[in-house]
Amino acid sequence: MNTLVTGAAFGAALTASGVYQPSVIVSQLKFENWHMMQAFLTATASSAALVHLLQTFSPHGSFPLPPRSFSTISLFSRYDGNLLGGLLLGTGMMLSGACPGTVLAQIGTGVPSGFYALQGGIIGGIVYTGFLGPWTARRNAAAKAEAKARGQEEKEVTKTVYENLGVSKSSVLMAFEAICASVVVSTALWTSVGPEAKIAPWVGGLCIAGAQLLSLLLRKNLVGTSTSFEEVGDWFWGIFKGKTLPQRYNNLLFVSGAVLGAKLLTVAYPALGQVTEVAVSPVAAGLGGFLMIIGSRIAGGCTSGHGISGISLLSTSSFLTIGAAFGAGALLGLLRG
């Protein structure tokens, strides 16, 4: 029940903020308005502050939230999975006008392109679980065996930005909060947003952070959505091959709650479900959905798991993944005009 309630809060927050709308995502990646970035940075900065406060003032061990580890496919760097996965994630976002989290709100509010993006995402989860995931595991195992045969010991990897920079956590957190605040305030003062903003984007960001707080209090865990598509793949292959079905379903319960939360909020407040039309064809939405799930699973997280949650832990892998995603999406937006 806690997982379902938390998912509903997250879906409702995405809907209230307006960032679920394809027009908001596409226009942000084209830098036509800053609605999405204002909400995203507010949610992420607020989540980072909440995590820090809970870990600092709660009893020892109450919130064991380790930073996100790196994702690798053993091509050129321990972070190559984060970078390549982020590139695919951002490309998929630009094509579909969705991300693994917002597509759930799109389903709840009845956005037509969201259904095609969801279908593409489900296929992506099946392909990753059946083929790409096992291939990556084999590559990484072979790379470790080869390094061991050469006598190379596996070094302990620093996972956070402050560890890599050799500075204190508080200094990096304060710098991050200041950067986020300056971007949000400056864009709010000097740029305009579209009709999708029923509430101020930064207020929407605080709503998303509120859902994050609820997740921390009820589940002792941060929000994330793309793993649910991998769970769908696990179930698909379990049924297809006649094997024992997987026992995990918590992420599926969370995303089901997100769809329900978005639906209930738009029933209560229909204005929040008024969608600004943007040209997203079924093919583009389906292909984008496929790419964003493949990318997010290669990277080990999406714009919620790596973006809002991973960055709040100051994880190096999360900054690289989201940076690659926004870079790829912006580049494609520039090329498409």
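Keep in mind the model is a prediction, meaning the values are calculated, not measured. (Residues numbered from 1 in each chain as written. Predicted model: local features only at pLDDT ≥ 70, side-chain atom pairs only at ≥ 80, totals over all residues. Heavy atoms only, no water.)

Novice: Can you help me understand the overall build of the protein in this one?
Specialist: When its secondary structure is counted, the protein shows 14 helices and zero strands. Across its three principal axes, the protein shows a C-alpha extent of roughly 60 × 50 × 45 Å. Here the protein holds 337 residues, and 51% of them are scored as buried. Taking contacts inside the protein between residues at least 6 apart in sequence as the whole, the part at least 24 apart equals 79%. (Helix = DSSP H or I, 4+ residues; strand = E, 2+ residues; numbered from the N terminus. Buried < 20%, exposed > 50% of the residue type's maximum accessible area, 1.4 Å probe, protein only. Contact = heavy atoms within 4.5 Å.)

Novice: Is there a simple way to explain the UniProt feature "transmembrane region" (unreviewed entry) in the protein in this structure?
Specialist: The feature "transmembrane region" (unreviewed entry), as annotated in UniProt, sits at residues 83-108, 114-135, 172-193, 199-218, 251-272, 278-299 and 311-335 in this numbering. For the annotated span residues 278-299, helix accounts for 82% and strand for 0% of the residues, and the straight-line distance between the end C-alpha atoms is 28 Å. A distance of 28 Å separates the end C-alpha atoms of residues 311-335, which is 80% helix and 0% strand. (UniProt positions renumbered as here; feature names shortened; annotations may be inferred.)

Novice: Any chance you could explain the packing of aromatic side chains here in plain terms?
Specialist: Aromatic ring pairs are reported here in terms of the distance separating the ring centres and the angle at which the planes meet. All chains considered together, the criterion is met by nine aromatic pairs. Seen from their ring centres, Trp-237 and Phe-240 are 5.6 Å apart, and the 90 degrees between their planes marks the pair as edge-to-face. With Trp-237 and Phe-240 both in helix α10 (residues 227-240) and three residues apart, this pair spans about one turn of that helix. Using a relative accessible area of 16% as the deciding quantity, one classes Trp-237 as buried. For Phe-240, a relative accessible area of 59% puts it in the exposed group. These aromatic residues form a ring-pair network of at least three members: Phe-131, Phe-236, Trp-237 and Phe-240. (Phe/Tyr/Trp six-rings, centres within 6.5 Å; stacked < 30°, edge-to-face > 60°.)

Novice: Please explain the environment of Gln-28 as it appears in this structure.
Specialist: As for its placement among the helices and strands, Gln-28 is situated in helix α2 (residues 22-29). With 301 residues separating them along the chain, Gln-28 and Gly-329 place their C-alpha atoms 9.3 Å apart.

Novice: Sorry, what's going on with the state of the cysteines here?
Specialist: Note on terminology: a disulfide is the covalent bond linking the sulfur atoms of two cysteines. Scanning all chains against the criterion turns up zero disulfides. With no disulfide partner, Cys-180 has as its closest neighbouring cysteine sulfur the one in Cys-99, 17 Å distant. A residue is classified by how much of its surface remains accessible, and Cys-180, at 5% relative accessible area, is buried. Cys-207 carries a free sulfur, and the closest cysteine sulfur to it, the one in Cys-99, is 17 Å from it. Cys-207 sits in the partly exposed class, given a relative accessible area of 31%. (Disulfide = S-S within 2.5 Å.)

Novice: How should I be thinking about the nonpolar core in this particular structure?
Specialist: Across soluble globular proteins, nonpolar side chains have a tendency to be buried as a group. Judged by nonpolar contacts, the single largest core of 55 residues is most densely connected at Phe-10, Phe-40, Met-93, Val-103, Ile-208 and Phe-326. Counting residues per element, this core draws most heavily on helix α3 (residues 35-57), at eight residues. For Val-103, the contacting residues outside a window of four places in its chain are Ala-98, Gly-114, Ala-117, Leu-118, Phe-229 and Met-292. Membership of the second largest hydrophobic core comes to seven residues, among which are Leu-54, Leu-216, Leu-222 and Leu-313. (Core = buried A, V, L, I, M, F, W, Y, C linked by side-chain atoms within 4.5 Å.)

Novice: Just to check I follow, could you spell out the environment of Arg-336 for this structure?
Specialist: In this fold, Arg-336 is placed in helix α14 (residues 316-336). Excluding residues that lie within four positions of it along the chain, Arg-336 makes contacts with Met-94 and Leu-95.

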